[in-house]
There are 2 protein chains.
Amino acid sequence: MTSDGPGLPVAPIDDPVDRKIVAALRADGRGTLKSLADVTGLSVSAVQARVRRLETSGVIRGYAATVDPEALGLPLAALVAITPLDPAQPDDAPERLAGLSEIEACHSVAGDDAYVLFVRVASPTALEQLIREIRRRAHVTTRTTVVLQTFFERPAAPGS
Amino acid sequence: MTSDGPGLPVAPIDDPVDRKIVAALRADGRGTLKSLADVTGLSVSAVQARVRRLETSGVIRGYAATVDPEALGLPLAALVAITPLDPAQPDDAPERLAGLSEIEACHSVAGDDAYVLFVRVASPTALEQLIREIRRRAHVTTRTTVVLQTFFERPAAPGS
DNA sequence: CCTGAAAACATACGGTG
DNA sequence: CACCGTATGTTTTCAGG
């Protein structure tokens, strides 16, 4: 999962204990309730209740193992900026592209283009095929920027 | 964790059981060894040994809770393309920028710019300050594309 | 929010093919 | 070497206060 877009409205976390819990679970998604209890000074069951509330309220969307993209056979990443061919037409590009599993993210943006996608593929050939498929499905032109190297890529990480 | 760049070389996973395990842990990072044992048909201890091997070999880099960016107080995202002011100078932009926690990802790219950053901030004002700081630290010009809406953003998700 | 007991789980180990 | 089964400690869960 971990989808975004039109979801529930989620207000910023104000409670400092909840912030600690969220920070700890972002650093280690498999951290035990006991470890969270130690960090927060609360009992295990109090922490459990808070974690559940954070999960059901949508603050915590889920948990995922972070996997090396090369191990997944997807060593090539790229940014694909797309622009509708016909600006008059209804713009449902995100829905049309959601089915392409190579697309990791789809952002609508301000500026020259309508959307920017972040994609991962197995090879240059696969990138070409993906770009063709994007153009075909969403009726867009594309401008692709190949990622040569990723220096870092982290789960966001705020001050506290 | 979840850093990238010059790390250990990680070959693609060829074992189908390992692929099942990795897929399951990407879908649910808190999935129990028992659930993985059920999925794979292996015993719990066999699965445990495999998971450990995947972790220590660098295939699985870690586990993280996926958190709503708005809940973190970072509702504004942007792509920042940067170009060195002096191409003759040694280019250590990634190191100089790594300390800025608002920068979620730093990719070196082919094309007009040297790097593209993905950043998250609290407000337009914070974005301006961040851009100033990026320019100052890395001696670069910047071209910023504001993200208006994120339609989806998922942990990659390969075919199987 | 806490305690406490029961169930589920993770871990380590000895044994098998 | 990869796997299994069992024993032990830990964690999760859920009742009740």
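Preceding block: the structure.
Because the structure is a prediction, the values reported are computed rather than measured. (Residues numbered from 1 in each chain as written. Chains lettered and ligands numbered in written order. Predicted model: local features only at pLDDT ≥ 70, side-chain atom pairs only at ≥ 80, totals over all residues. Heavy atoms only, no water.)

(A) A look at the overall build of chain A. Helix and strand counts for chain A come out as five helices and five strands. If you list the helices and strands of chain A from N to C, you get α-α-α-β-β-α-β-β-α-β. Here chain A has a C-alpha radius of gyration of 20 Å; the compact-globule value for 160 residues is 15 Å, and the former is much larger. By principal-axis analysis of the C-alpha atoms, chain A measures approximately 55 × 35 × 25 Å. Classification of the 160 residues of chain A by burial places 45% in the buried group. Across chain A, contacts joining residues at least 24 apart in sequence account for 63% of those joining residues at least 6 apart. Within the structure as shown, chain A displays about 7,900 Å² of accessible surface, and the carbon and sulfur contribution to it stands at 55%. (Helix = DSSP H or I, 4+ residues; strand = E, 2+ residues; numbered from the N terminus. Rg over C-alpha atoms; globule rule 2.2 N^0.38 Å. Buried < 20%, exposed > 50% of the residue type's maximum accessible area, 1.4 Å probe, protein only. Contact = heavy atoms within 4.5 Å. Areas by Shrake-Rupley, 256 points an atom, 1.4 Å probe, with all protein chains shown as cover.)

(B) View of the protein's contact with DNA strand D. Looking at DNA strand D, there are 13 residues lining it, with L33(A), Q48(A), S43(B), S45(B) and R50(B) nearest. By atom count, sugar and phosphate contribute 69% of the portion of DNA strand D lying within 4 Å of the protein. In this structure, Q48(A) approaches DNA strand D through a side-chain N or O atom, which is 2.5 Å from a phosphate oxygen. Here a phosphate oxygen of DNA strand D sits 2.6 Å away from a polar atom, N or O, in the side chain of R50(B). When residues of the surface near DNA strand D are traced back to their parent elements, those giving at least two are α2 (33-40) and α3 (44-56) of chain A together with α3 (44-56) of chain B. For the surface near DNA strand D, a count of residues per class yields four nonpolar, five polar and four charged. (Near = heavy atom within 4 Å. Polar contact = N/O pair within 3.5 Å; in protein donor to acceptor, adjacent residues only side chain to side chain. Nonpolar A, V, L, I, M, F, W, Y, C, P; charged D, E, K, R; others polar.)

(C) Summary view of the relation of the copies chain B and chain A. The two copies are related by a screw operation: chain B maps onto chain A through 180 degrees of rotation and 0.0 Å of translation along the axis, at an RMSD of 0.1 Å. Given the turn and translation reported, the copies of this chain are related as if by a two-fold rotation axis. Both copies contact each other with a shared surface, as 98% of the interface residues of chain B are interface residues in chain A too. (Least-squares fit on C-alpha atoms with pLDDT ≥ 70 in both.)

(D) Region of interest: the sheet that holds strand β5 (residues 140-153) of chain A. Taken together, the eight strands give a closed barrel; going around it, the order is β2(A)-β4(A)-β3(A)-β5(B)-β2(B)-β4(B)-β3(B)-β5(A), and neighbouring strands pair in antiparallel fashion. In this sheet, adjacent strand axes meet at a mean angle of 35 degrees when their direction is disregarded. Pairing of strand β2 (residues 76-84) of chain A with β5(A) involves eight bridges; the strand directions are antiparallel. Within β5(A), the residue paired with A77(A) across the bridge is V147(A). Contacting β2, β3 (103-109), β4 (115-121) and β5 of chain A, helix α5 (residues 124-138) of chain A crosses the sheet at an angle of about 135 degrees to β5(A). On the sheet, helix α5 (residues 124-138) of chain B packs against β2 (76-84), β3 (103-109), β4 (115-121) and β5 (140-153) of chain B and is oriented at approximately 135 degrees with respect to β5(B). (Pairing = 2+ DSSP bridges. Axes fitted to C-alpha atoms, helices over the stretch in contact; angles between N-to-C directions.)

(E) Up close: the interface of chain B and chain A. The interface is formed by 66 residues belonging to chain B together with 65 residues belonging to chain A. Carbon and sulfur atoms make up 57% of the surface buried where chain B meets chain A, a total of about 6,300 Å² over both sides. At the junction of chain B and chain A, the tally comes to two salt bridges. We note a salt bridge from D68(A) to R61(B), for which the minimum N-O separation is 3.2 Å. The tally of links between chain B and chain A comes to 39 residue pairs in polar contact (both at pLDDT 80 or more). Going through the elements one at a time, α1 (16-27), β1 (60-67), α4 (93-97), β3, β4 and β5 of chain B are the ones with two or more residues in the side of chain B that touches chain A. At nine residues, β5(B) tops the list of elements feeding residues into the side of chain B that touches chain A. (Buried area = accessible area lost by both parts, 1.4 Å probe. Salt bridge = Lys/Arg side-chain N within 4 Å of Asp/Glu carboxyl O.)

(F) Quick peek at the packing of aromatic side chains. Counted according to the given criterion, the structure contains two aromatic pairs over all chains. When the centroid spacing of 5.8 Å and the interplanar angle of 65 degrees are considered together, the rings of Y115(A) and F151(B) count as edge-to-face. One end of the pair, Y115(A), is in strand β4; the other, F151(B), is in strand β5, on a second chain. What makes F151(B) partly exposed here is its relative accessible area of 22%. Taking the ring centre of Y63(B) as reference, the NZ or CZ of R30(A) above it sits at 5.2 Å. (Phe/Tyr/Trp six-rings, centres within 6.5 Å; stacked < 30°, edge-to-face > 60°. Lys NZ or Arg CZ within 6 Å of the ring centre and 35° of its normal.)

(G) Looking closely at α2(A). Residue and element names in this part refer to chain A. Of all the residues in α2, the buried ones are L36, A37 and T40. One face of α2 carries all of its buried residues, which in axial projection span an arc of 105 degrees. Exposed and oriented more than 90 degrees from the buried face of α2 are K34 and D38. As for α2, its buried residues are in contact with α1 (16-27) and α3. The positive-phi residue at the C-terminal boundary of α2 is G41, with phi of around 85 degrees. (Arc of directions from axis to C-beta.)

(H) Spatial organisation of the protein's contact with DNA strand C. Looking at DNA strand C, the residues that line it are L42(A), S43(A), S45(A), A46(A), R50(A), T32(B), L33(B), K34(B), V44(B), Q48(B) and R52(B). Between DNA strand C and S43(A), the relevant distance is 2.6 Å, taken from a phosphate oxygen to a side-chain nitrogen or oxygen of the residue. Between DNA strand C and the protein, one listed contact pairs a phosphate oxygen with a side-chain N or O atom of R50(A) at 2.9 Å.

Any functional reading would require information beyond the geometric quantities listed.
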